[in-house]
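Next come the chains, spelled out residue by residue.
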Amino acid sequence: MKVVIIGASGYSGAELASLVAKHPQLTLAACYVSEQSLDKGKLLSDLYPEHLGLLDTPLLPLSERAYSDIENSADFVCLCTDHKVSVDLAPRFLSMGKKVFDLSGGYRLSSNEDYQTYYGFEHQHTELLNEAAYGLAEWNSEAIAKAQLIAVAGCYPTAALNALKPLQQAGLLAEQPVIINAVSGVTGAGRKASVGTHFCEVSLAPYGLFNHRHSPEIEQHLGHKVLFTPHLGNFPRGILETIYVQLKADVTSEQVTQAYQVLADEPLIRLLGSKIPSIKGVAKQPYVDIAWQQQGSQLIVMAAIDNLLKGAAGQALQCINLAMGLPHSTGLKG
Ligand SMILES: NC(=O)C1=CN([C@@H]2O[C@H](COP(=O)(O)OP(=O)(O)OC[C@H]3O[C@@H](n4cnc5c(N)ncnc54)[C@H](OP(=O)(O)O)[C@@H]3O)[C@@H](O)[C@H]2O)C=CC1
Ligand SMILES: CC(=O)N[C@@H](CCC(=O)OP(=O)(O)O)C(=O)O
């Protein structure tokens, strides 16, 4: 199957391009950037020299001519673009009959009001919000396999939902909101230069208190209230979440362990039991590492992912695999 990547010069786009180029049943048909991009005409390997020989692929401008080229050449279109750009681009490719995998948050929420509150724009294609399958690979595989539009899950939500859904599904969560403290590396903020994400400026600081757009995403797909605080840390890639859970009275450690068994056979989920996960353990890896420790009715769950792999390109590839009827870890594990 032929894959086109829009936004291929960005961090998640380049990561996805490298996965597609190495995949046994996919061809990287073309890579695009915006029509005005300073990078148009360059090779992807000029920007990412680690991919010299693999991604000597030109970055093409997304012009009107490009749309007809894509119509004639692609099976799958991956949008590795900003939310608003993805909202605008997806319908055009859907109307060509392409399957669209959107790595942005443009189609992850069901309510237009949430887009106004948390994304700061009025959604222009609300009719597609209920058609998009939420691309959380381990939990929504049937819908992902069938849908034309896949809204690949957000990075922080991917770690949080895999850590919490087993407990929610087993009915172990008490009514209180779950508290999620998360730290992300700087690639989470994208490749475009900004003072706030300049390497010399970043130390460790929280941001987005009470109003980060991943709060409604986690709540919508978990079915439970959360208090989510992201932090920006001074390392390139990876997300670590420490999650404080109040369990219902008398929930035993055996019940908690049993709840996580729902993920035991998942090839890209590693259940660490009471061991401590780390960024080092997941950087450049396709996995979610999940661990937990319990004292009485208090449970601390820890989850770690690489934001560019399981949190973006890796999970997008899992969704593509599902759409092709392949095992979802194809091209991701060793
Ligand atoms: N970074 C991460 O950890 C994660 C990112 N995501 C999501 O993936 C998306 C991309 O993120 P990320 O890779 O970090 O972003 P980057 O800023 O690194 O890359 C954005 C890409 O989009 C291109 N682009 C910008 N405007 C347009 C346009 N109008 N048409 C076509 N291409 C365009 C840019 O190139 P140029 O400007 O030169 O045209 C660049 O290639 C975002 O929606 C983000 O939320 C999801 C999960 C994790
Ligand atoms: C460190 C940092 O800035 N992270 C980004 C989240 C990463 C991302 O791009 O968000 P999605 O997963 O929703 O696409 C942020 O907080 O907005």
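The name recorded for the protein in an unreviewed UniProt entry is N-acetyl-gamma-glutamyl-phosphate reductase, from Pseudoalteromonas haloplanktis.

1. So, the overall build of the protein
On a plain count of helices and strands, the protein comes out with eleven helices and 14 strands. Expected size for 334 residues packed as a compact globule is a radius of gyration near 20 Å; at 19 Å, the protein falls within 12% of this value. A principal-axis box enclosing the C-alpha atoms of the protein has dimensions of 65 × 45 × 40 Å. A burial count over the protein gives 55% of its 334 residues as buried. Long-range contacts, defined here as pairs at least 24 residues apart, represent 68% of the contacts in the protein between residues at least 6 apart. When the accessible area of the protein is evaluated, it comes to approximately 14400 Å², of which 50% is carbon and sulfur surface. A gap of 5 Å separates the mean positions of the 24 positive and 31 negative side-chain charges of the protein.

2. Describing the site of ligand 1
Residues in close proximity to ligand 1 total 26 residues, the closest being Ser-9, Ser-12, Ser-34, Ser-37 and Thr-81. In the model, an oxygen atom of ligand 1 is placed 2.6 Å from a nitrogen or oxygen of the Ser-37 side chain. A distance of 2.9 Å separates an oxygen atom of ligand 1 from a polar atom in the side chain of Asn-307. Burial of ligand 1 by the surrounding chains reaches 80%, relative to a free accessible area of 890 Å².

3. Quick notes on helix α5 (residues 112-119)
Regarding α5, its N-cap is Ser-111, as a side-chain oxygen of that residue lies 3.2 Å from the backbone nitrogen of Glu-113 further along. Remark: Gly-120 follows α5 within two positions and exhibits a positive phi of approximately 75°.

4. Brief notes about the nonpolar core
Ranked by internal contacts, the top residues of the largest apolar core, which has 40 residues, are Ile-5, Leu-16, Leu-44 and Phe-101. Elements supplying a minimum of two residues to this core: β1 (2-6), α1 (11-22), β2 (27-33), α2 (44-47), β4 (76-79), β7 (149-152) and α11 (309-323). With nine residues, the top contributor of residues to this core is α11. Each residue touching Leu-16, except ones within four places of it in the same chain, is listed here: Ile-5, Cys-78, Cys-80, Leu-103, Ala-313, Ala-316 and Leu-317. Residues Leu-164, Leu-173, Ile-243 and Tyr-260 belong to the second largest nonpolar core, which totals 37 residues.

What counts as what
- Residues numbered from 1 in each chain as written.
- Chains lettered and ligands numbered in written order.
- Predicted model: local features only at pLDDT ≥ 70, side-chain atom pairs only at ≥ 80, totals over all residues.
- Heavy atoms only, no water.
- Helix = DSSP H or I, 4+ residues; strand = E, 2+ residues; numbered from the N terminus.
- Rg over C-alpha atoms; globule rule 2.2 N^0.38 Å.
- Buried < 20%, exposed > 50% of the residue type's maximum accessible area, 1.4 Å probe, protein only.
- Contact = heavy atoms within 4.5 Å.
- Areas by Shrake-Rupley, 256 points an atom, 1.4 Å probe, with all protein chains shown as cover.
- Lys, Arg positive; Asp, Glu negative; His and termini not counted.
- Charge placed at Lys NZ, Arg CZ, Asp CG, Glu CD.
- Near = heavy atom within 4 Å.
- Polar contact = N/O pair within 3.5 Å; in protein donor to acceptor, adjacent residues only side chain to side chain.
- Core = buried A, V, L, I, M, F, W, Y, C linked by side-chain atoms within 4.5 Å.

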